[in-house]
Number of protein chains: 2
Amino acid sequence: MSVRKNERVPQLRIALAQLNPTVGDLTGNADLIVDAVRQAAAAGAHVVVCSEMALTGYPVEDLALRQTFTSAARQTLTDLAARLDAEGTGDVLTVVGYLDDQDGPRNAAGALWRGEVVARQFKHHLPNYGVFDERRWFKSGDELTVLRFHGVDIGMVICEDLWQDGGPIAALGEAGVDVIVSPNASPYERNKDDVRIELAGRRAAEAGAPLVYCNQVGGQDDLVFDGGSFIVDPSGTALATAEQFVSKVLVADLELTAGTGHRSGTFAGVNVQRKVLADEPLPAYEKITNPQVQPLSDEAEVWSALVLGLRDYVRKNGFSSVILGFSGGIDSAVCAALAVDALGPENVHGVSMPSKYSSEHSRTDAEELAKRLGCPFRVQPIADMVHTYVDQLGLEGLAEENVQARVRGVLLMALSNSEGHLVLATGNKTEIAVGYSTIYGDAVGAFAPIKDVFKTHVWQLARWRNAEAERRGEVPPIPENSITKPPSAELRPGQLDTDSLPDYALLDDILDDYVEGDRGYADLVAAGFDPDVIDRVVRMVDIAEYKRRQYPPGTKITFKAFGRDRRLPITNRWREHH
Amino acid sequence: MSVRKNERVPQLRIALAQLNPTVGDLTGNADLIVDAVRQAAAAGAHVVVCSEMALTGYPVEDLALRQTFTSAARQTLTDLAARLDAEGTGDVLTVVGYLDDQDGPRNAAGALWRGEVVARQFKHHLPNYGVFDERRWFKSGDELTVLRFHGVDIGMVICEDLWQDGGPIAALGEAGVDVIVSPNASPYERNKDDVRIELAGRRAAEAGAPLVYCNQVGGQDDLVFDGGSFIVDPSGTALATAEQFVSKVLVADLELTAGTGHRSGTFAGVNVQRKVLADEPLPAYEKITNPQVQPLSDEAEVWSALVLGLRDYVRKNGFSSVILGFSGGIDSAVCAALAVDALGPENVHGVSMPSKYSSEHSRTDAEELAKRLGCPFRVQPIADMVHTYVDQLGLEGLAEENVQARVRGVLLMALSNSEGHLVLATGNKTEIAVGYSTIYGDAVGAFAPIKDVFKTHVWQLARWRNAEAERRGEVPPIPENSITKPPSAELRPGQLDTDSLPDYALLDDILDDYVEGDRGYADLVAAGFDPDVIDRVVRMVDIAEYKRRQYPPGTKITFKAFGRDRRLPITNRWREHH
């Protein structure tokens, strides 16, 4: 930590541009940034901080390996600097996450000022776990640039560089810095926002300077970024906070303790360079009140994540409407309610597809759902289609059950082809875990809104959403009977999920340990589960991997989502056992 | 390079255990190794070298992160050492690739001798590109162990450590070593075997010692390992070579130039430790003639790769038979011929599923294919099923076309459910690239044998396979008409692929540049392609990503296969353009 001497209290107004970029859309993303800087400048901000790779969207995956894309990204940054200047906002120091092609692809942040790219900061620590493959895509940086701007020394660190002990933060702490700005693209996970702010506070303390954390917002395939950007001081106090799940330009005033004795050189193994843009502190001005938002409840947070993930998948892929089966059950009801919140009732098309095994309540509950949501609804019985297969092929048992689910899949795809709606798959995490779904049947869809939501959690969200409607004086969207009745696939007479599966509360408990916790047999026994039930559940999970590989993407909300988070071989003879 | 002085010429008989392990099957894989060591010992071998992670199979993917699995793998290695000793083969020095849990998961090789694990070598360089994610799974090693055995200094390096300049090989060269043994799991790619032997020869020269390269054989999901193990001397001469695509214990004699002045210490930045197991050279014995195999032709190599990849996917996942649609076209004919070569004709079930748009030749060519292959065959017309959808939903155009493909998918799945056959999808790389297939229709299947074979290559393989049959005096499996007729999906009257797609020769040329080469628009124009055709093809490839995500796995044979090799976002607005 550098020796500091208080001289005066320089001020700085910082805007956090919490934007929703689209991967690959360099022009559109640049437009978003120009607009945010215009807003920020109008609010008197001196510095704008964008999120990680805001110019390209994040994650770009193997686009990082395409030379045309990396050079276009770098060129777009140069053009953006000129454009901001032409727009009259060139005096605002704008830090923009982008993709650089200098000596291998780089996850980079560019500082734009007066029409020029005045500094480029490369990310040091490249996460390569969970959903991240950054060592596949990027070369790591090993230097830091500190910019002196209006008498304040500004350090820049990108996302993972905050999460790793030592490295950039330790170096900035030793070299001396007055404020750190940090572009991030941190995917949503339940409870992760609490972790972020606590961690960032610790890093602010290590650096001895406030930390400005700007996070991406928006959905990108199976990830959703929640925003929730903030500024935290070295005592761990949040000085300003932004909403989650909305695009937002958060403007806040900082009164900084400008240090002296700040140095260039090598600190904590990192070369720290300094560049002076403007040495003189700003003339004193009147402070604004920094915005602070109330954190969302757990259910509100998850619901918002699912709504945004769904909306952005649909819209960013050029669709405006969705279609899904309304079975009368809880999963399709929650998916429909999410879709209505995401896209509006007129863009959600429900189809009841009763078979000869369908209960009366499956039809009435589906109809009731459509009525409550106010969305287009139709009934398409599947009896004739099923009959032709069963009759021609002489099907019975499982083959007959699956044909019903598959006819529904074909039917939805036919309506999608005819009418241009995107098909939603309504499976939940529990059934996807144990393979309790029909591939090419109920698994049909371009997107699966509740793919990462365990069954017991689906019920919890349904109850919360209905209560929320009541609180607002609106009609609760989900029929009570869909919440309370025993779940059934209704593929044979009197069938119940509990015929094939343990009780959902127990099943979700085991899955939480086995899938989320990656625990082995002995741990599961020690947790008190019945050995036979463990064997059965673990085996079901293991042999369903081939189905999961062909399942559509859905929004990650847990620590370990199926898909890029949990990568197991299909061909796999390892079994947890006694 | 160490200073060397020839003293005498120690001999050593080395066996390369080119085995086909199954991922996760610790017991079964240990059995394979015990059996190979027994064979090797019977042939008088002193050293056995297994492939990379032979005990666990490769790649284990996220099983490496499961603590129960890593500790079981390490325990199995200890047990294997004891078992080899109990079997009377403990005097053979056996180098086995395995997964170690010491201080983080390690991609490791264990040296087993006289009932003990006498050394553990960790992999230094962890590949994290292409199909590899080893930085996700493993911690890298930073030391080398050299074993003195019968007067010979044996170094060990694992797979990628050979491919990287400097590092382990440079260290062994400086420290001094008489022979290097290298466990590998190098997935098949066209022409890669030539690259391997040339590279290994260069490394042998750098180390001043022969290099013993043992590669895994067998299919694992979308990868197939081709074996083709070899020994190469510092002049680049192959001293012994094994067949590709078969399990094999290759036994060869080496006459080694035992060096003196070999040292422990730090060389090329790597700590080299030495351990003496047996100092005295072996008494002189009569040399055997080292086996040498003729390389396969390009077509024979690819065909064998596809056969083995298919066979292992089916069998390792507990199936014995497959079912697929016989359309009369080239793709299904080649898939059927591959399946018959992989599983035998009695295990390949062909189904002709004619619609009202099917040509007469589609039926007769399908029947002819079945006759030539000698496999079970049936006809299931789809008219009645299609009619119920079209009629009830009032379908036309694309929706009607897709229903036909989807009815076939449901039909095959129903037969699969009833009879227990695994369904094969027959799509080729060209159509998967441009999205010229129906999701949940012809894309239905657990495995796609020619997923990574471009259309023009499919024809080439068909001609080769027929010629090969003629050469052997057998019936050519593929009807000539299926090879020569213009390709058509037959989903509407008179439809031809060329209605929607450029000529396949041109299309495959563009795809080779765009998909394999990751080239941008300017490069494609410079290569002489028509700008409008480029635009059309690139757009088709880009927007078909969502279909590819739900496509079944298939054997990788090219540099860049769809799937884990080419990871692009679905939501992606980047377009190569003028």
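Residues numbered from 1 in each chain as written. Chains lettered and ligands numbered in written order. Predicted model: local features only at pLDDT ≥ 70, side-chain atom pairs only at ≥ 80, totals over all residues. Heavy atoms only, no water.

### Comments concerning the overall build of chain A
Line of reasoning, step 1. On a plain count of helices and strands, chain A comes out with 19 helices and 20 strands.
Line of reasoning, step 2. Here the C-alpha atoms of chain A give a radius of gyration of 26 Å, agreeing with the 25 Å that 2.2 N^0.38 yields for 578 residues.
Line of reasoning, step 3. Counting over 578 residues, chain A shows a buried share of 65%.
Line of reasoning, step 4. A fraction of 76% describes how many contacts in chain A between residues 6 or more apart in sequence connect residues 24 or more apart.
Line of reasoning, step 5. Per element, the accessible surface of chain A, about 19500 Å² overall, is 49% carbon and sulfur.
Line of reasoning, step 6. Placing the 58 positive and 82 negative side-chain charges of chain A at their respective mean positions leaves the two points 2 Å apart. (Helix = DSSP H or I, 4+ residues; strand = E, 2+ residues; numbered from the N terminus. Rg over C-alpha atoms; globule rule 2.2 N^0.38 Å. Buried < 20%, exposed > 50% of the residue type's maximum accessible area, 1.4 Å probe, protein only. Contact = heavy atoms within 4.5 Å. Areas by Shrake-Rupley, 256 points an atom, 1.4 Å probe, with all protein chains shown as cover. Lys, Arg positive; Asp, Glu negative; His and termini not counted. Charge placed at Lys NZ, Arg CZ, Asp CG, Glu CD.)

### A few points about helix α5 (residues 168-175) of chain B
Residues and elements named next belong to chain B.
Line of reasoning, step 1. Of all eight residues in α5, six are buried, a share of seventy percent or more.
Line of reasoning, step 2. Those residues of α5 that fall on the buried side of the exposure criterion are Pro168, Ile169, Ala171, Leu172, Gly173 and Ala175.
Line of reasoning, step 3. Gly176 lies just past α5 and shows a positive phi near 95°.

### Regarding the interface of chain B and chain A
Line of reasoning, step 1. Chain B puts 77 residues into the contact, and the matching count from chain A is 77 residues.
Line of reasoning, step 2. With both sides pooled, the region where chain B packs onto chain A buries about 6700 Å², and carbon together with sulfur makes up 53% of that total.
Line of reasoning, step 3. Counting every contact that joins chain B to chain A gives eight salt bridges.
Line of reasoning, step 4. Among the ionic pairs, A:Arg567 bridges to B:Asp133, the shortest N-O distance being 3.8 Å.
Line of reasoning, step 5. For the interface between chain B and chain A, the tally reads 40 residue pairs in polar contact (both at pLDDT 80 or more).
Line of reasoning, step 6. Mapped onto the side of chain B that touches chain A, the elements with two or more residues apiece are α2 (67-86), α3 (134-137), α7 (298-316), α10 (383-393), α11 (397-419) and α19 (545-549) of chain B.
Line of reasoning, step 7. Here the residues of the side of chain B that touches chain A sort into 38 nonpolar, 18 polar and 21 charged. (Buried area = accessible area lost by both parts, 1.4 Å probe. Salt bridge = Lys/Arg side-chain N within 4 Å of Asp/Glu carboxyl O. Polar contact = N/O pair within 3.5 Å; in protein donor to acceptor, adjacent residues only side chain to side chain. Nonpolar A, V, L, I, M, F, W, Y, C, P; charged D, E, K, R; others polar.)

### Quick look at the environment of B:Arg196
All names here are of chain B.
Line of reasoning, step 1. Mapped onto the elements, Arg196 comes out in helix α6 (residues 192-207).
Line of reasoning, step 2. Looking at Arg196, the relative accessible area reads 1%, which means it is buried.
Line of reasoning, step 3. For the pair Arg196 and Gly228, spaced 32 residues apart in the sequence, the C-alpha separation amounts to 9.7 Å.
Line of reasoning, step 4. Look past the residues within four positions of Arg196 in its chain and what remains in contact with it is Trp163, Ser186, Pro187, Tyr188, Tyr213, Asn215, Asp226, Gly227 and Phe230.
Line of reasoning, step 5. Within polar-contact distance, the side chain of Arg196 engages the side chain of Tyr213 at 3.4 Å.

### As for the relation of the copies chain B and chain A
Here two copies of a chain appear, and what relates them is a rotation about an axis with a shift along it.
Line of reasoning, step 1. In screw terms, the move from chain B to chain A is a rotation of 180° and a rise of 0.0 Å along the axis, fitting with an RMSD of 0.0 Å. Read as a symmetry element, the transformation amounts to a two-fold axis. Taking C-alpha positions as the reference, the residue of chain B nearest the rotation axis is B:Gln550, at 2.1 Å.
Line of reasoning, step 2. Here 100% of the interface residues in chain B have copies in chain A that are interface residues too; the copies meet face to matching face. (Least-squares fit on C-alpha atoms with pLDDT ≥ 70 in both.)

### A short note on the packing of aromatic side chains
Line of reasoning, step 1. Counted under the stated rule, the structure contains 22 aromatic pairs over all chains.
Line of reasoning, step 2. Centroid distance B:Trp113 to B:Phe149: 5.8 Å. Interplanar angle 90°. Geometry classified as edge-to-face. One end of the pair, B:Trp113, is in strand β4 (residues 106-113); the other, B:Phe149, is in strand β6 (residues 143-149), and 36 residues separate them in sequence.
Line of reasoning, step 3. When its relative accessible area of 0% is taken as the criterion, B:Phe149 is described as buried.
Line of reasoning, step 4. Positioned above the aromatic ring of A:Phe562 is the side chain of A:Lys429, whose terminal nitrogen or guanidinium carbon lies 5.6 Å from the ring centre. (Phe/Tyr/Trp six-rings, centres within 6.5 Å; stacked < 30°, edge-to-face > 60°. Lys NZ or Arg CZ within 6 Å of the ring centre and 35° of its normal.)

### Observations concerning the pairing of strand β14 (residues 248-255) of chain A
Within a regular strand, the side chains alternate between the two sheet faces.
Residues and elements named next belong to chain A.
Line of reasoning, step 1. Here β14 lies mainly inside the structure; six of its eight residues are buried.
Line of reasoning, step 2. As paired strands, strand β1 (residues 11-18) and β14 are joined by eight bridges and run antiparallel to one another. In the sheet register, Gln18 faces β14, and the bridge partner there is Lys248. (Pairing = 2+ DSSP bridges.)

### Re the packing of helix α10 (residues 383-393) of chain A against α10(B)
Line of reasoning, step 1. Following both chains from N to C, one finds α10(A) and α10(B) inclined at 175°, their axes separated by 9 Å at the closest point. Comparing their axes, α10(B) and α10(A) come out roughly antiparallel. Residues A:Asp384, A:Met385, A:Thr388, A:Tyr389 and A:Gln392 of α10(A) pack against B:Asp384, B:Met385, B:Thr388, B:Tyr389 and B:Gln392 of α10(B). (Axes fitted to C-alpha atoms, helices over the stretch in contact; angles between N-to-C directions. Parallel < 35°, antiparallel > 145°, perpendicular 65-115°, else oblique.)

### Quick notes on the sheet that holds strand β6 (residues 143-149) of chain A
Residues and elements named next belong to chain A.
Line of reasoning, step 1. Strand order in the open sheet made by the eight strands is β13-β12-β9-β8-β7-β6-β16-β15, with mixed pairing throughout. At either end of the open sheet lies a strand with only one pairing partner, and these are β13 (238-241) and β15 (265-267). Ignoring strand direction, the axes of neighbouring strands in this sheet form an average angle of 25°.
Line of reasoning, step 2. Bridge count for β15 against strand β16 (residues 270-276) is three bridges, and the pairing is antiparallel. Opposite Phe267, over in β16, you have Val270 as the bridge partner.
Line of reasoning, step 3. Its contacts with the sheet put helix α6 (residues 192-207) on β8 (179-184), β9 (211-215), β12 (230-232) and β13, and the angle it makes with β12 is roughly 40°.

### Regarding the confidence of the model for chain A
As a general rule, the predicted coordinates of low-pLDDT regions are not to be interpreted in detail.
Line of reasoning, step 1. When pLDDT is averaged along chain A, the result is 95, and 98% of the positions lie at 70 or above.
Line of reasoning, step 2. This prediction of the complex comes with two scores: 0.96 for pTM and 0.95 for ipTM. (pLDDT = per-residue confidence, 0-100.)

### What to know about the pattern of salt bridges
Line of reasoning, step 1. Under the definition given, this model contains 100 salt bridges over all chains.
Line of reasoning, step 2. For A:Lys371, the salt bridge identified is with A:Glu368, shortest N-O distance 3.9 Å. Pair noted here: A:Lys371 and A:Glu368 are both in helix α9 (residues 360-373), with a separation of three residues, about one helical turn.
Line of reasoning, step 3. According to the relative accessible area criterion, A:Glu368 is partly exposed, its value standing at 25%.
Line of reasoning, step 4. The salt bridge partner of B:Asp452 is B:Lys429, with a shortest N-O separation of 2.7 Å. Taken together, the residues B:Asp452 in the loop between α12 (429-434) and α13 (455-471) and B:Lys429 in helix α12 connect sequence positions 23 residues apart.
Line of reasoning, step 5. On the accessibility criterion, B:Asp452 (2% relative accessible area) is buried.
Line of reasoning, step 6. The class of B:Lys429 is buried, set by a relative accessible area of 0%.
Line of reasoning, step 7. Three or more residues are tied together by salt bridges with common partners; here these are A:Arg66, B:Asp518, B:Lys560 and B:Glu576.

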